[in-house]
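Read off the chains here:
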Amino acid sequence: MSSRRSRQHSGSTRISDDQIIELVSKLRQLVPEIRSRRSDKVSASKVLQETCNYIRSLHREVNDLSERLAQLLTTIDADSAEAGIIRSLLNQ
């Protein structure tokens, strides 16, 4: 076990500093705003902040696309195959 201290997390589960470092590193690779930077010197707090921003932008994009699909659905025949596809996308 690591000599680094552990933190309380969701009841009795502990997460070590090493695990936090590993998770932040994974977030660095997933978030485009951070991944596009050449420097690995982005702080953990900045990684978390950018991750939250990215998730918010994804939510906005999903909402916008859902609205566009709903609008498209009103312009086509309700019994068509295309309408069925759009309804299935909206229900996911």
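Numbering of residues begins from 1 in every chain and follows the order in which that chain's sequence is written. Two thresholds apply to this predicted model, a pLDDT of at least 70 for residue-level local features and 80 or more for giving and counting side-chain atom pairs, whereas whole-chain, interface and lining totals are computed over all residues. Only hydrogens and water are removed before side-chain values are computed, so all heavy atoms of the structure are retained for them.

Draft legend 1. Fine view of the pattern of salt bridges. For salt bridges, the criterion is a side-chain nitrogen of Lys or Arg within 4 Å of an Asp or Glu carboxyl oxygen. All told, the structure shown has three salt bridges when counted by the stated rule. Of the charged contacts, one joins K26 and E22 as a salt bridge, the two residues approaching to 3.5 Å between their closest N and O atoms. Taken together, the positions of K26 and E22, both in helix α1 (residues 17-30) and four residues apart, correspond to about one turn of that helix. On the basis of relative accessible area, K26 is assigned to the partly exposed category, the value being 44%. E50 serves as the salt-bridge partner of K46, at 3.2 Å between the closest nitrogen and oxygen. Numbering of helices and strands runs from the N terminus; a helix is a DSSP stretch of H or I covering at least four residues, while a strand is a stretch of E covering at least two. Only protein chains enter the accessibility calculation, which uses a 1.4 Å probe. A residue is then buried if its area is under 20% of the maximum for its type, exposed if over 50%, and partly exposed in between.

Draft legend 2. Summary view of the nonpolar core. As used here, the term nonpolar core means buried Ala, Val, Leu, Ile, Met, Phe, Trp, Tyr and Cys residues forming a set that is joined through side-chain atoms within 4.5 Å. Core analysis: the largest hydrophobic core is formed by five residues, namely V24, V31, I34, V42 and V47. Residues count as neighbours in contact if any of their non-hydrogen atoms are within 4.5 Å of one another. Every residue in contact with V31, bar those within four places of it in the chain, is listed here: E50, T51 and Y54.

Draft legend 3. Spatial organisation of the side chain of S80. Within the fold, S80 resides in the loop between α3 (44-74) and α4 (81-90). According to the relative accessible area criterion, S80 is buried, its value standing at 17%. Two N or O atoms count as a polar contact when they lie within 3.5 Å, although within protein this holds only if one can serve as hydrogen donor and the other as acceptor, and sequence-adjacent residues are included solely when both atoms are side-chain atoms. Here the side chain of S80 touches A83 through a polar contact of 3.2 Å, landing on its backbone nitrogen.

Draft legend 4. Fine view of the packing of α1 against α3. To obtain each axis, a line is fitted to C-alpha atoms, and for helices this fit is confined to the stretch in contact; angles are then taken between N-to-C directions over 0 to 180 degrees. Close contact between α1 and α3 brings their axes to 10 Å; oriented N to C, the two are set at 50°. As far as their axial angle goes, α3 and α1 are oblique. Classified by chirality, the crossing of α3 by α1 is left-handed. From α1, V24, L27, R28 and L30 reach across to α3, where they touch A44, V47, L48, T51 and Y54. Charged residues are taken to be Asp, Glu, Lys and Arg, nonpolar residues to be Ala, Val, Leu, Ile, Met, Phe, Trp, Tyr, Cys and Pro, and polar residues to be all remaining types, Gly included. Within the contact of α1 with α3, the residues separate by chemical class into seven nonpolar, one polar and one charged. In what follows, roughly perpendicular refers to angles from 65 to 115 degrees, roughly parallel to angles under 35, roughly antiparallel to angles over 145, and oblique to any angle outside these ranges. By the definition used in this description, the sense in which the near helix is turned from the far one sets the handedness, with an anticlockwise turn below a right angle giving left-handed and a clockwise turn giving right-handed.

Draft legend 5. Main features of the packing of α3 against α4. α4 packs onto α3 with a crossing angle of 150° between their chain directions and a minimal axis gap of 10 Å. Considering their axes alone, α3 and α4 lie roughly antiparallel with respect to each other. The chirality of how α3 crosses α4 is left-handed. Contacts between α3 and α4 pair S66, L69, A70, L72 and L73 from the former with A83, I86, R87, L89 and L90 from the latter. A per-class count over the contact of α3 with α4 returns eight nonpolar, one polar and one charged.

Draft legend 6. Structural context of the confidence of the model for the protein chain. Residue-level pLDDT values for the protein chain average 84, and 85% of them are 70 or greater. Taken element by element, the predicted model of the protein chain shows its lowest mean pLDDT in strand β1 (residues 6-9) (50) and its highest in α1 (94). What pLDDT conveys is the predictor's confidence in a given residue, as a value from 0 to 100.

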